[in-house]
Structures are given as structure tokens and as C-alpha cells.
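Listed below are the residues making up each chain.
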Amino acid sequence: MLSSLAKNKVSRRDFMKACAAMAVYLGLSESFAPKIADAVENASKKAPVIWLEAQDCAGCSEAFLNLTEPTPTQIILDTISLKYHETIMFGSGYVADKALDEAMKTPGYVLVVEGSIPTADPLFCTAGTMSDTNPARRPVVETLKEAYKNAAVVIALGSCASWGGVVQATPSKGRGVSDIVGKEKVINLPMCPCNPDHLVGTLVYYLTFKKAPPLDIHQRPLMFFGTLIHDNCPRRGHFERGEFVTNYGDPSQAEYCLYLKGCKGPFTFSDCPSRGFNDNVNWCIKSNAPCAGCSQPEFYAGFSPLYEKSNDVNLPGIGGVPSETVGTVAAAVTALGVAAHLVGRSVFGKKKEGDK
Amino acid sequence: MANKIVIDPVTRIEGHLRIEVEVENGVVKDAWSSGTMARGFEAMLVGRQPMDAIYVTERSCGVCTMVHGLCSSRALDMAYGCKVPEAGILLRNLMLAALYMGDHIQIFYNLNAPDYIDITAVAGYKGNDPKLLAIKDKIVALVKANDTAPFTPAYKGDQYTLTDPEIVTTLVSHYIQAIEARAIAQKCIAIFGGKSPHQAGVIQGGVTYHPNLEDLVKYKEYIAKVIDFVQNVYWKDILFLGSGPLLPVGQAGLGGGYNNYLSGPEFPLDNSGKNFLWKGGVVTDGNLGAVQPLDGQKIAESVAHSWYDYSNNQPLLQPFEGETKFNLKKEGAYSFLKAPRYDGKPYEVGPLAWAMTVQPKEFMDIVTKLNIKPGFLARHAARAYQAVDVSKNVMKWVDELASLMGKGPLIVNDDKPTPDSAKGFGFVEAPRGFLSHWAVIEGKKLKNYQQVVPTTWNASPRDANNVRGQYEQSLIGIPVPDPENPINVVRNIRSFDPCLACAVHIIHPESNRILKFVVE
């Protein structure tokens, strides 16, 4: 990350350029570059991070490891001090448990949570033992409550940690971090898996300004979740013309709108169309697969069946937006416009005739 | 006196695993393997539109990403009656091939290698390779700042721990390169599948993505880097370590277990359903001369020691009839994993099982010559060789796909409606081993959905006959001279590449039976 640039003695000019790019990336003016530079260059020590895995699939950890600029190695070696992360750390068993207990004693760390928290029974997810002398299974919900106390900020990474995601409707009743510990301190970075750019951007913002970036009512940073996928979709023109994919295999429909195939883009806030995944090599809609709405609280069960046209056009609520978030209000207005469009066109399935 | 050791969490794996071992006279006498997290995807899918299973089960695991989406699509290929077009087969192969290479690299370097190195040895590096010197500087700086997380704390090393500064520094450098190589492999999946982890493009009948030459060129450029790492770094490191510093581990055969091996057919070479790069098979009691064909009818699961109930307490249920009813208070249960059995017996799946059933000549010659026995080193060797085998085929598939491009290749058969009632199963020989999905459709909705996952085979608890699972059995006899430091236990468990998130949905030892592994 930026601090690795600083420490690797790249030219001052390149370093400031990178900081300016980061400022833009965070939706700030370039004039913030010196402040970002100061935050990453003059940090007295690496930011301690505790990363808990609850009912997860490690997909968000894998997404983090897919970062290319900066690389995960740069982040781990130069920017953060990763005190606990089950998939990465060298220690196991009581050694790992002890590392966690030690790290939780010093207030001020960043707490990252991946995976949902089971509410049907705490025993649906345990990691570690209760203590040195009590080998009973340690419920992750207890660890989360304890880790929350001394955390400076909590990042709920991925849809499962944000609000339960795909685990919400299972018998284990997976819920988000805020549902367990309250909203204070919690930043949601949903999506399945998370977009690792969102994690880096949020970390840099936090390290620079020592506070969370502006959030929407679902506690998502507006800089990443302020726009509707449908509004920025490269296939939007086909939607307007009523050109829809009805058969995935038909090359003449290859670029058409996926709404009839169940696309949730009209209900989903995220910057996927511009940011993409895996170093922006692709994203779902570009691969001709419908958006599943994975950044929304309704995901997954509220959007099921995923591969069938959505009949109701209830749009996600956007109330209670803070004053600095004019963008979202605009997005909300647009969203209502989309609803009208959908009622007017798609629901009646106006398909371009003559195309097969 | 026996010492009970609890290892929870077992880190550097996917998911939540707890291992308990009983140690007597410095060796493991008994073992219990517990999956400690469950979500309940199978139960959630009942009553839903069948295609949802593709999307939901893909999320069983973010490390074995894509294999569940693929397996589910194959189960629905059968249920919907779709024949996948040739280009669809090739695109699926190209994604799975990228996963194989990226995954195996990560398993060895990022998840397992830390068990064999003393990272402080880096400080003694005396060479002049600028890359290695940079690593030395970095590690020394971390030590000076007294902040060496996540590399410390860790278990202490033993006689198998590498301390030579040159070797350790090189491995740390490869550890870092491996993170980058696996990210490139994930990009290759994303080129066709939209993103990775959790690609979006594989569905029943084929894939959604329409290929173009520009993307094929991009895939080739990226995958070439991964192939280079597999063939020129990974395989060479394994050969060096396996024939040199870690040869005693391999010859000791620590962590063998039952020597029952099972693998499925993979990398279809056309859409006949008959021709595969690997045909798979079943080896029982280490009898390598008698590889049997895999029979899906012989797969069944027990929940005798798992936190589930079966109606009427049946000892085993075939997956089409399978049930997922939680009972977290069940007496005698200790895992969220069911216990899959083949013909009533526990089997190992994964790269070693692949090697023992497919028996690639080059690999068999090497292990025979070095007298390496089944166990954790053999698992790493088989995994590396499997990655090499994939790497030799992948470019051929890109070229085959390119040759179809002028003909407007059909990628998917998307004209089959959801059947009123149907059954379908799908197999994938995944990087972690044999995976199967079983779908029952009634009234156009899922009536039952069951996943029998590689780690469930390997990490299963005891079954209704109280027979241990393969992890449990393979731990018997593992040396643990210092109970504070059960490093051989985690070395052995990690060599299986545990993946507990998807696995959920250690006595009657056959006393000192030595099974034949080396082919004469």
C-alpha cells in the first residue's frame, strides 16, 4: 500500500501521485493527498488488526489475497499488524487462542469480521477453547462481544458479516455483526465475496481521518455503495430498448439486458460496473450472468429465486441519509425512476421481436 | 499415562476444525476430528427453485471456490437433461484448471510450508540475491520492532523443521510469490466466470459467458505465469525437499491411515460423458493392482456421531435419500460433519487418492525410487504432481476453444425448462478430492439437496460401527514427543488440505497393519 511505497523509497513525486490517486479512489478531492501521505508515512506503528472468522467460507479472505495493488503481502508487512487471522497466522490451537486474548487486551485495534453470527444456537459456530483449563468449545458470538469492547472500529466484511447474507435463511439463522453488538463502530462492506478494494479504501480512509467514511442507512460507505448498478450498467441501453436475454446461448443476445433472467441490478447499490473484480478483469454482468444483488440486505433469500425475473419492484429503502450524502439522495430519486421504468417496460416483458 | 490434547482452532485451513488426540508414550493413541461450524445450506434449499442451488452451494467454500457451482450445475445438467456443448465443456475445464493450479500453490506455500520452516533463520541469510536480501531486511525489521504477527507465535520446531538460512529465505520468497501466483489464477477464473471467488458464469447446460479471442489471449498470458510457477518453482521445490531435507518424513510414512483411496473422473475431453483426462477409481486396503471403477450407488452417509438425526436412526443413508436435521444436543455426537462411507468403509480422497487410483507413471516411479510411503509428505508430492499434470493440458484446451471461435460456438443449452420431477447427481474431482452433489426435484422445486464433500470424506467422525474417519485413523502413531507442541498433528491434518465450511453441511485400530504403498 502507500506506506510500502514510502518505505520502499520510491520518488517523492510518485508517492504523492499515488496518494492523489487514493484520494480520488476514496471520492475525495486531490487536495487531500498530503493528508493521506501524512497518515500513512508518519504512522508511529502499524495498525493492529484482529480478523475473526465466524460462519464464513473464507471467500472474503481469499478476495483480500487477490489484491494486486497494493499486494496483500505489502499490507501485512508494512501497514497492518495482523494479530489474529485463522487462515493466515502461523500459530494453532492454544498458541492462536493466546495470541487473540493478548491482542484483545490493548484497545484501539481494527476488528474485521468475516462470516455471519449464528443466532439459533451459539454452538453453530465455535473456534478455540473457553480457557487454558476449560477445553469446552468457545462460541464465536462470545469472542465477537469481547473483541468488540476494545475495538476502535469494526469492519463487517462481506454480506454474511454485514447482515447474514446467504446464511440468513438457514436453520442456524446467521446474522450480521450489528445485529449482535449494535451499529456503533460498525462499517458494513457487503458483497459475496467482498470487493477487496473496498477493504483497502476503507482502511486508508480510517487511518487518514481516524473515523469512518460517510455511510448510508445500511452502514455502507457511500463512496462504494452510493450508486445503483442499473444506472451505470453497460447494458442499460438494451434495457431502454427492451432488448433482453432470453437464452444465454444465443450470441445475438450476448450483450442484452439480463433483467428477465433475474438480474437484481435495478435493486442493488454498488460500484461493480466501474470497479469490477479481480483487478477489474471482469464482473458478473459482463460475464453474461445476472446480478444476484449480493450487496443488499435482502440477499439471498429476499431475492430468491435468483434466476427468475423479479416480480415486485420494492426498492431498497434509502431514508435517514446524512447531510453530506447528496449523491445517495440523487440515487434514490433515480431508483424511483427505475421502478417506473420497470413497471412500464420490463414487467410486461417487451422483448425485441425478430431476435432469437 | 495418556495425555489429551485439544487443538482448536486448527489454523491455516479453510473453516473451523478441532482436533483432539490422546497421546501415550509420545505417540498418538486415539484421535477425534470435529467440524465446529454449520450453516445449513442443504436444509435452506428445500422448496426452492433448483438453479438457486448453483448459486448458494458455490458459497459452500471460498477456497474451493467454483467447484460447488460446477458440481451443482452438473447435477442439474442431468436433472434438466442438458447436453453441454463442446465450448461449454472447454470453458468449464479452463476455469477448473486455473483453480487447481492456484489452489495447490496456496495450499503448499501459504498454508502448509510454515509448518516446516523456522522463519527466524532468515536473519542468517548470507547470500547476495537482492530479492532474498530484501526479505531478510523486512523480517529483521519486524523482529526489531517487536511486531512479528502473523508469523509468531507458533509451535516450536523439531527435527523436521528447516533452519538452513538459504533454504528458508528462498521458501519465504516463494511464499510471497505464491500469493501473487494464486491471485493471477483467480483472475483467469474471473475472465470467464465474472469474478473469483464465487464465479457467476457456470449454470446447467454450460456457461453464460460468450468467449472472444481477446479474452482467450488474456487468459493465456495470465495462465502462462501460473504454469511457469507450478513447473519451475512448485514442482522443483517439492522434488528438492522430498528427496532431500524432508526425505526422512516421506520414508517414515507418517500420517498414512487406511490406504483406502477414491477419486472421480475429471476434465471431460468431450461431451460424451465417457472420455476424461483422469478416469478415477477406487483402491481398497492399498491394493494398487486392483483399481475398481467408482460406483455412485455405494456412497452413503452416517450421522451416528454427528449433530444430526436420521428418521428411524438408520445407520447409513444414500444421498438421494439423505436428511439434514440438526440436533445440537445429541448424545455421543462430536462433529457437524456427517460420515460418508463407500461400500460401508471410510476412504481418503484428494491428490494422494488421485495418484493412487490414476497412478501417473512419472509420479509412481519417483515415489517408488525414493521409497516414500503414504503420509503427509506423499500428499504434498501428489498435490504438486497433480498441478503439473493440469498445467500440461491447459494450453491445449485454450487452443481447442480458439479453433471453435470462427464457428460461433454454442456455450450452453438453455432451452430446457425446469423439470416437474427429476433426480440428478454431479461429480467433480476437486483440488481437495472427490465431490458429489445430489438433487431431487419435485413440482419444479428442490425436494432434497445433498452435498458429499471431500473434507467430509477425510475429516469425518466415527460412523455407526464406531469406525474412525480418515483424519482420525491417519493420526494414530503420529509422534508427539512434547504435548505442548503437537506440530506433527497439524502437519498431518493440513496435508489433507482441510476445508471445513463445505464439509459441514478418530477405536478399533487394525493393530500396526503396514499397508503396501510402494509399487514394485
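Residues numbered from 1 in each chain as written. Chains lettered and ligands numbered in written order. Predicted model: local features only at pLDDT ≥ 70, side-chain atom pairs only at ≥ 80, totals over all residues. Heavy atoms only, no water.

Labelled according to an unreviewed UniProt entry, chain B appears under the name Cytochrome-c3 hydrogenase, originating from Thermodesulfobium narugense DSM 14796. Its UniProt record gives chain B the following Subcellular location (unreviewed entry) comment, quoted word for word: "Cell envelope". Per UniProt, chain B carries the Sequence similarities (unreviewed entry) text "Belongs to the [NiFe]/[NiFeSe] hydrogenase large subunit family." (UniProt positions renumbered as here; feature names shortened; annotations may be inferred.)

Going by the annotation in an unreviewed UniProt entry, the name recorded for chain A is Hydrogenase (NiFe) small subunit HydA, with Thermodesulfobium narugense DSM 14796 given as the source organism. Looking at chain A in UniProt, the text filed under Sequence similarities (unreviewed entry) is "Belongs to the [NiFe]/[NiFeSe] hydrogenase small subunit family." In UniProt, chain A has this text filed under Subunit (unreviewed entry): "Heterodimer of a large and a small subunit."

*Asks:* Sorry if this is basic, but what is going on with the interface of chain B and chain A here?
*Replies:* One widely used convention gives an interface's size as the accessible area the parts lose upon coming together. Taken together, the 83 residues of chain B in the interface contact 84 residues of chain A. Across the chain B/chain A interface, buried area totals approximately 7,000 Å², and carbon plus sulfur atoms make up 59% of it. Taken together, chain B and chain A are joined by six salt bridges. For the salt bridge of Lys83 of chain A with Asp147 of chain B, the shortest nitrogen-to-oxygen distance reads 3.4 Å. (Contact = heavy atoms within 4.5 Å. Buried area = accessible area lost by both parts, 1.4 Å probe. Salt bridge = Lys/Arg side-chain N within 4 Å of Asp/Glu carboxyl O.)

*Asks:* Quick question: what am I supposed to make of helix H6 (residues 165–193) of chain B here?
*Replies:* In an α-helix, one turn spans 3.6 residues; hence positions three or four apart end up facing the same way. All names here are of chain B. End to end, H6 covers 42 Å across 29 residues, agreeing with the expected 42 Å (1.5 Å per residue, within 8%). The element H6 is extensively covered by neighbouring structure, given that 23 of its 29 residues are classed as buried. N-capping of H6 is provided by Asp164, with a side-chain oxygen placed 3.0 Å from the backbone N of Glu166. (Helix = DSSP H or I, 4+ residues; strand = E, 2+ residues; numbered from the N terminus. Expected span 1.5 Å × (residues − 1). Buried < 20%, exposed > 50% of the residue type's maximum accessible area, 1.4 Å probe, protein only. Polar contact = N/O pair within 3.5 Å; in protein donor to acceptor, adjacent residues only side chain to side chain.)

*Asks:* Which parts of the structure should I look at to understand the pairing of strand S10 (residues 299–302) of chain B?
*Replies:* Each regular strand carries side chains that alternate between the two faces of the sheet. All names here are of chain B. Burial along S10 is two-sided: Ile299 and Glu301 and Ala300 and Ser302, pointing in opposite directions, are all buried. Two elements, S10 and strand S13 (residues 339–342), share four bridges in a ladder whose sense is antiparallel. Residue pairing across strands places Ile299 opposite Tyr342, the latter belonging to S13. (Pairing = 2+ DSSP bridges.)

*Asks:* Is there a simple way to think about the UniProt feature "binding site: Fe cation" (unreviewed entry) in chain B in this case?
*Replies:* Residues and elements named next belong to chain B. Here, the residues flagged by UniProt with the feature "binding site: Fe cation" (unreviewed entry) are Cys64 and Cys502. These annotated residues cover 439 residues of sequence, and their C-alpha atoms all fall within 8.5 Å of one another, placing them together at a single site. Tracing the backbone through its elements, the reader meets Cys64 in the loop between helix H2 (52–58) and helix H3 (67–80). The class of Cys64 is buried, set by a relative accessible area of 4%. With sequence-adjacent residues up to four places away left out, Cys64 is seen in contact with Arg432, Cys499 and Cys502. Relative to the assigned elements, Cys502 resides in helix H15 (residues 500–503). Residue Cys502 is classed as buried on the basis of its relative accessible area of 3%. For Cys502, the residues in contact, after removing those within four places along its chain, are Glu14, Ser60, Cys61, Cys64, His68, Val453 and Thr456.

*Asks:* Would you take a moment to explain the UniProt feature "binding site: Ni(2+)" (unreviewed entry) in chain B for this structure?
*Replies:* Summarizing the sequence annotation, UniProt attributes the feature "binding site: Ni(2+)" (unreviewed entry) to Cys61, Cys64 and Cys499 of chain B in the numbering used throughout. What makes Cys61 of chain B buried here is its relative accessible area of 0%. The residues touching Cys61 of chain B, leaving out its near neighbours within four places in the chain, are Cys57 of chain A together with Glu14, His68, His198, Cys499 and Cys502 of chain B.

*Asks:* Looking at this model, I keep getting lost on the UniProt feature "binding site: [3Fe-4S] cluster" (unreviewed entry) in chain A. Mind explaining?
*Replies:* Residues and elements named next belong to chain A. In this numbering, the UniProt entry assigns the feature "binding site: [3Fe-4S] cluster" (unreviewed entry) to Cys272, Cys291 and Cys294. A maximum C-alpha distance of 10.8 Å among these annotated residues, which run over 23 residues, shows that they cluster at one spot. Within the secondary structure, Cys272 sits in helix H14 (residues 272–275). Take Cys294: its relative accessible area is 10%, and that puts it in the buried class.

*Asks:* Looking at this model, I keep getting lost on the pattern of salt bridges. Mind explaining?
*Replies:* Pairing between side chains becomes possible if they bear opposite charge and their charged atoms approach one another. Residue and element names in this part refer to chain B. Tallied over the entire structure, the rule returns 40 salt bridges over all chains. Residue Arg341 is joined to Asp463 by a salt bridge in which the shortest nitrogen-to-oxygen separation is 2.7 Å. Pair noted here: Arg341 is in strand S13 and Asp463 is in the loop between helix H12 (454–459) and helix H13 (470–475), with a separation of 122 residues, a long-range link. Taking the relative accessible area as the measure of exposure, Asp463 reaches 3% and is therefore buried.

*Asks:* Where do I start with the confidence of the model for chain B in this structure?
*Replies:* Reading predicted coordinates in detail is not appropriate for stretches of low pLDDT. All names here are of chain B. The pLDDT averaged across chain B works out to 93; a share of 96% of its residues lies at or above 70. Within the model, the stretch residues 505–520 combines pLDDT values under 50 with 50 contacts to residues more than four positions away or in other chains. This prediction of the complex comes with two scores: 0.91 for pTM and 0.93 for ipTM. (pLDDT = per-residue confidence, 0-100.)

*Asks:* What exactly am I supposed to notice about the environment of Pro153 of chain B here?
*Replies:* Note that Pro153 of chain B resides in the loop between helix H5 (130–144) and H6. Separated by 74 residues in the primary sequence, Pro153 of chain B and Ile227 of chain B place their C-alpha atoms 34 Å from one another. Residues contacting Pro153 of chain B, with those up to four places away along its chain left out, are Phe90, Gly91, Val95 and Ala99 of chain A.

*Asks:* What should I look at first to understand the nonpolar core in this one?
*Replies:* The tendency in soluble globular proteins is for nonpolar side chains to be buried as a group. Core analysis: the biggest nonpolar cluster contains 224 residues, and Ile19 and Tyr219 of chain B have the highest contact counts within it. Filtering out sequence-adjacent residues up to four positions away, Ile19 of chain B remains in contact with Ile5, Val6, Ile7, Val10, Trp32, Ser33, Tyr471, Leu475, Val489 and Ile493 of chain B. Listed in part, the 30 residues of the second largest apolar core include Ala54, Met104, Cys125 and Val177 of chain A. (Core = buried A, V, L, I, M, F, W, Y, C linked by side-chain atoms within 4.5 Å.)

*Asks:* I keep staring at the packing of H3 of chain B against helix H4 (residues 86–112) of chain B and nothing clicks. Help me out?
*Replies:* The axes of two packed helices give the description: the angle between them and the distance between them. All names here are of chain B. Running from N to C, H3 and H4 point in directions that differ by 150°, and their axes come no closer than 11 Å. It follows that H3 is roughly antiparallel to H4 by the angle criterion. Of the two possible hands of crossing, H3 and H4 adopt the one that is left-handed. Between H3 and H4, the residues in contact are Val67, Leu70, Ser73, Arg74 and Asp77 and Arg92, Leu96 and Leu99, respectively. Its residues assigned to classes, the contact of H3 with H4 shows four nonpolar, one polar and three charged. (Axes fitted to C-alpha atoms, helices over the stretch in contact; angles between N-to-C directions. Parallel < 35°, antiparallel > 145°, perpendicular 65-115°, else oblique. Left-handed = near helix turned anticlockwise from the far one by under 90°. Nonpolar A, V, L, I, M, F, W, Y, C, P; charged D, E, K, R; others polar.)

*Asks:* How should the sheet that holds strand S14 (residues 421–430) of chain B be read in this particular structure?
*Replies:* Pairing between the strands of a sheet is mediated by backbone hydrogen bonds and can be parallel or antiparallel. Residues and elements named next belong to chain B. Strand order in the open sheet formed by three strands is S14-S15-S16, and the pairing between neighbours is antiparallel. Because the sheet does not close on itself, it has two edges, and the strands there are S14 and strand S16 (445–452). Pairwise comparison of adjacent strand axes, ignoring direction, gives a mean angle of 10° for this sheet. Bridging between strand S15 (residues 433–442) and S16 involves seven bridges; their strand directions are antiparallel. By the bridge assignment, Ala439 is partnered in S16 with Tyr449. The sheet strands contacting H3 are S14, S15 and S16, and the helix crosses S14 at an angle near 145°.

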